[in-house]
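# Report on the structure
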Amino acid sequence: MTPGERLPGLLDHVIDGRSVPAASGRRFAKTHPATGETLWQVAEGGRPDVDAAVRAARAAFEGPWGRMRPDERARLLQALADRLDHEADRLLEAEIHDTGKPVKLAGGIDIPRGAANFRVFIDLLRTRHERAWPSTAPDGAPVLNYTLHVPKGVIGVICPWNLPFLNVTWKLGPALACGNTVVVKPSEETPTTATLLAQIALEVGIPPGVINVVHGYGPGSAGAALVEHPEVAAITFTGETRTGSAIMKAAAEGVRPVSFELGGKNAGIVFADVDLDAAVEGIARAAFLNSGQVCLGAERVYVERPIFERFVERFVAHTERLVIGDPFDPSTDFGPLISAEHREKVKRYFALAKAEGAAVLTGESALELPERLARGHWLRPTVWSGLADGSRTLTEEIFGPCCNLAPFDTEDEVIARANATRYGLATTVWTRDVGRAQRLAQAIRVGLVWVNAWWLRDLRTPFGGSGLSGIGHEGGEHSLDFYSDIRTVCLKGLPAGGAV
Ligand code: NAD
Ligand code: 6OD
């Protein structure tokens, strides 16, 4: 499959059910991370494009989508989920071209999550209970207070590039199931699968204007215009912490609610009682899956001292066995970074790590790749040891294929070291001791604790971080709450023999 061979060269917005170029006529180039080839000339949206999209979303909210019976909406979303499964190959190809991620990963996790992200919320809505409080009014009349969850209106959806399809469906599943309409601003690095999703939704009968997609950049561009738009009722954002901070300032105008899934600097912790091979494999996944570009990834790894040397040896050997190369090859484990710019950022951290005293256990050496991949944004997975707690390398999110291995001696010590960060997203703990696992889960300040696992998901559970890692939770009931307003209805009956 050659990039561009089956894809047209122009990628437009989807607004009110139509593919439209940018109002300004401007476009930007989207290149393939593995080959450097230009895939698309993408419509570069700005304020007028966002305004048109928000107006279309508002009209669909007040019209066909908002007026539709919830069971009919659920039926259409179910049809969308089925169709996403049916279109998996097309979505997979598009996602790989956009991100360069290996087919093993995109086909195993990202694309199947699309349909799952719709189905889980359709199911939850079917069985959701409102609450009711019967009581008696002073005149003796029966009173029933009860809640209603009502849609918020137009939701602004801003997505990052690392898991584009997983992320956009993770937000659209509950937002649409709750009866809202959306304007999506995908990352400028990964515009394709959100666009396909909007087109497929139209094909299954979801009305025009329900899903609008506007392409462009963040600051001073489509992203900023979307979060500043007064008709956007709420904003869901996944991305960098400092972008979240800028979005929050814009959302303060109009007091719009936000849901933020942000960065992390997560710890992996390995105790001496583990099955060493399972722990090596689990931590390597946490460090290197998606070339380290997963917010939940472990860039700091602490290993109990009695097994430290053996862990290091096996971890380095495991890392060196990862198959790096063509993302479409089913044997590939490890793809390129998303862009030249991101690779430069990660390389600056690689230089900083050495300046801060890291010993490079593996990494650095040049990659031998076929000519076709020579212009891709490759970087070897890299393992360090010897970095001091508090160093910039161990406190700032790098979001690249790297981790530091450090020994520890006691439970209290490793808890303190894991907590020595202002982020609070996730941790992965490896031990056979259930009591210890529970103590760590209680003591480490993060939103997500995996024990003997990493990024093993049940979509009904709360997902989110604390500190610099986010605001609020999505997942299960939490998503349904964020994408709804809660209304309390107080229904007073008639007192005996009385009139209203
Ligand atoms: P980013 O913050 O640079 O960009 C994310 C999106 O925000 C893009 O669509 C971008 O165009 C837009 N944007 C940028 N500035 C904006 C502004 N001022 N106003 C409105 N929109 C703006 O993030 P990224 O580089 O695409 O993604 C990587 C980051 O995402 C990492 O920090 C990672 O940890 C984080 N992330 C977190 C989670 C999570 O669940 N916590 C999941 C995935 C990624
Ligand atoms: O699994 C998910 O639902 C999710 N939102 C994952 C995000 C991973 C971060 O890169």
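This structure is a prediction, so every number in the text was calculated from the model and none was measured.

Parameters and conventions
- Residues numbered from 1 in each chain as written.
- Chains lettered and ligands numbered in written order.
- Predicted model: local features only at pLDDT ≥ 70, side-chain atom pairs only at ≥ 80, totals over all residues.
- Heavy atoms only, no water.
- Near = heavy atom within 4 Å.
- Polar contact = N/O pair within 3.5 Å; in protein donor to acceptor, adjacent residues only side chain to side chain.
- Nonpolar A, V, L, I, M, F, W, Y, C, P; charged D, E, K, R; others polar.
- Axes fitted to C-alpha atoms, helices over the stretch in contact; angles between N-to-C directions.
- Helix = DSSP H or I, 4+ residues; strand = E, 2+ residues; numbered from the N terminus.
- Parallel < 35°, antiparallel > 145°, perpendicular 65-115°, else oblique.
- Contact = heavy atoms within 4.5 Å.
- Buried < 20%, exposed > 50% of the residue type's maximum accessible area, 1.4 Å probe, protein only.
- Core = buried A, V, L, I, M, F, W, Y, C linked by side-chain atoms within 4.5 Å.

Taken together, Arg113, Asn162, Leu163, Leu166, Trp170, Glu261, Val294, Cys295, Leu296, Trp455, Arg457 and Phe463 make up the full set of residues adjacent to ligand 2. Contacts to ligand 2 include Cys295, whose backbone N or O atom sits 2.9 Å from an oxygen atom. One of the side-chain nitrogen or oxygen atoms of Arg457 is found 2.8 Å away from an oxygen atom of ligand 2. Here the residues of the shell around ligand 2 sort into eight nonpolar, one polar and three charged.

In contact at an axis separation of 8 Å, helix 4 (residues 88–99) and helix 7 (residues 192–203) are set at 155 degrees when each is read in the N-to-C sense. When the interaxial angle is binned, helix 4 and helix 7 end up roughly antiparallel. Contact residues: helix 4 offers Arg90, Leu91, Ala94, Glu95 and Asp98, while helix 7 offers Thr192, Thr193, Leu196 and Ile200. A per-class count over the contact of helix 4 with helix 7 returns four nonpolar, two polar and three charged.

Following the sequence through the fold, Asp12 ends up in the loop between strand 1 (10–11) and strand 2 (13–15). Overall, the relative accessible area of 18% leaves Asp12 in the buried class. Looking at Asp12, its side chain comes within polar contact range of the side chain of Arg27, at 2.7 Å. Setting aside anything within four residues of it in sequence, one finds Asp12 in contact with Ser19, Val20, Pro21, Arg27, Ala43, Thr195 and His215.

Now for the nonpolar core. Ranked by internal contacts, the top residues of the largest apolar core, which has 73 residues, are Leu80, Phe118, Leu172 and Leu296. If you tally residues by element for this core, the top one is helix 5 (residues 103–127), at ten residues. Those residues in contact with Leu296 that lie beyond four places of it in its chain are Asn266, Leu425, Ala426, Leu448, Trp450, Trp454, Trp455 and Phe463. Core analysis: the next-biggest nonpolar cluster, separate from the first, contains 27 residues, Val270, Val274, Leu276 and Ala287 among them.

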